[in-house]
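Chain by chain, the residues run as shown.
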Amino acid sequence: MALATSYAENRAATVGDYFALQKPRVMSLVIFTGLAGIVAAPGHIDLLTGFVALLCIAVAAGASGALNMSYDADIDRLMTRTATRPIPMGAITPGEAEGFGWTLSVGAVALMGLFVNLVAAALLAFTVFFYVAVYTLWLKRRTPQNIVIGGLSGALPPAIGWAAVTGSLSLAPILFVAIIFMWTPPHFWALSLWRSDDYARAGVPMMPVVRGKLSTRRQILAYTVALIPLGLAPAFIGAAGPVYLACAGLIGAWFAVEAVATFFERDEAKEPAAHRLFRVSLIYMTALFASLIVESALHIAPLAPWL
Amino acid sequence: MTGSNNDPDKARRRRSIAIALALGALVVLFYIMTMMRVHP
């Protein structure tokens with residue numbers, strides 16, 4: 001694929017370009033984990049308020065994506081994975097994306113504060129701030145720990161959903177945040193193992209570029225070993241039931257097998273084990289939070305906390 | 001992103017419609033949420 005070596009000639013932005021600017025795939029995962037936080041929380045939230053909370057989470061996630069693309073426009077055009085985004089393609093200017101992103105961010109936080117509660121609004125504002133200022137503007141181009149620390153912003157939606165219902169936080173939502181936080185490094189480093197040339201070209205200090213692939217494989221394995229028991233923990237503190245426990249156990253074991261395979265993988269040209277690990281990491285995350293939603297919908301009680 | 005990239009007027013028109021729909025939906029949402037708060 002030919003990369004955009006300079007901003008392409010301007011063309012009229014379509015509605016689809018503005019949709020793509022909000023990173024819809026990331027947004028869908030955020031909506032999903034946010035919804036899990038809402039349904040797993042004790043207490044009641046009326047349907048419309050729950051919808052508004054989820055809408056605010058989705059819009060803030062989209063706004064963060066737009067701001068990220070605005071501030072990373074110079075490196076996005078250098079990488080195969082990002083060269084076809086709306087800004088490198090010349091459909092939207094970085095300034096337009098910035099205005100769009102900040103408008104949506106402020107709107108989403110204000111709406112959350114006005115119609116849901118201030119705790120959820122504060123957490124939402126912190127999430128946008130952390131993703132844009134801490135991850136995008138500060139860490140991403142400076143340290144290979146960029147996605148480790150920056151991953152906190154992607155981990156917060158279940159806590160925001162929980163806070164939307166309860167107006168507070170407790171051990172369970174913090175555990176959900178910790179699970180996504182620990183999941184992020186093996187997920188993104190698996191991707192970066194076969195995209196390392198892309199990141200190197202753009203000067204982004206991803207782990208395989210800075211420390212090498214062997215070190216990355218070792219760290220993927222370490223984070224996975226920490227993640228699997230953490231993933232089981234909600235069932236042991238009375239925050240999840242048997243469906244969740246089965247998913248976390250079985251798919252967690254699959255996750256661990258693929259992390260070990262990635263550790264021993266030596267086909268650096270194709271990285272087949274890393275591809276499989278990336279896919280299973282998505283399945284793991286989806287299954288964990290889907291099981292929380294299913295258990296809530298079917299009224300399956302959480303396991304006793306003493307288990 | 002779409003096949004209408006070469007027609008700026010069409011793209012602008014569709015953007016305007018999308019903005020109008022989004023604003024309209026927000027007005028309805030704000031109205032309902034405010035009514036819920038005022039008359040719970």
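What comes next concerns the included structure. (Residues numbered from 1 in each chain as written. Chains lettered and ligands numbered in written order. Predicted model: local features only at pLDDT ≥ 70, side-chain atom pairs only at ≥ 80, totals over all residues. Heavy atoms only, no water.)

### Details of the overall build of chain A
Reasoning step 1: Helix and strand counts for chain A stand at 14 helices and zero strands.
Reasoning step 2: In chain A, the succession of α and β elements from N to C terminus is α-α-α-α-α-α-α-α-α-α-α-α-α-α.
Reasoning step 3: In terms of overall dimensions, chain A has C-alpha extents of about 60 × 50 × 30 Å along its principal axes.
Reasoning step 4: Every one of the 307 residues in chain A was classed for burial, and the buried ones make up 54%.
Reasoning step 5: Taking as baseline every contact in chain A between residues at least 6 positions apart, the subset at least 24 positions apart corresponds to 77%.
Reasoning step 6: Entry remark: accessible area of chain A is about 12500 Å², with carbon and sulfur atoms responsible for 70%.
Reasoning step 7: In chain A, the 19 positive side-chain charges and the 16 negative ones have mean positions that sit 6 Å from each other. (Helix = DSSP H or I, 4+ residues; strand = E, 2+ residues; numbered from the N terminus. Buried < 20%, exposed > 50% of the residue type's maximum accessible area, 1.4 Å probe, protein only. Contact = heavy atoms within 4.5 Å. Areas by Shrake-Rupley, 256 points an atom, 1.4 Å probe, with all protein chains shown as cover. Lys, Arg positive; Asp, Glu negative; His and termini not counted. Charge placed at Lys NZ, Arg CZ, Asp CG, Glu CD.)

### A word on the packing of aromatic side chains
Residue and element names in this part refer to chain A.
Reasoning step 1: Overall, the coordinates contain nine aromatic pairs over all chains when judged by the stated rule.
Reasoning step 2: When the centroid spacing of 5.1 Å and the interplanar angle of 65° are considered together, the rings of Tyr18 and Phe100 count as edge-to-face. Residue Tyr18 is located in helix 1 (residues 15-20), and its partner Phe100 is located in helix 5 (residues 94-115); the two are separated by 82 residues in the primary sequence. (Phe/Tyr/Trp six-rings, centres within 6.5 Å; stacked < 30°, edge-to-face > 60°.)

### Looking at the side chain of Glu295 of chain A
Residue and element names in this part refer to chain A.
Reasoning step 1: Counting through the fold element by element, Glu295 comes out in helix 14 (residues 272-297).
Reasoning step 2: For Glu295, which is buried and forms no salt bridge, the nearest opposite charge comes from Arg279, at a distance of 26 Å.
Reasoning step 3: Polar contacts involving the side chain of Glu295 include one to the main-chain amide nitrogen of Gly241, which spans 2.8 Å.
Reasoning step 4: A polar side-chain atom of Glu295 sits 2.8 Å from the main-chain amide nitrogen of Tyr244.
Reasoning step 5: Dropping the residues within four chain positions of it, Glu295 is found in contact with Ala240, Gly241, Pro242, Val243, Tyr244 and Ile300. (Salt bridge = Lys/Arg side-chain N within 4 Å of Asp/Glu carboxyl O. Polar contact = N/O pair within 3.5 Å; in protein donor to acceptor, adjacent residues only side chain to side chain.)

These figures come from the coordinates and say nothing about function on their own.
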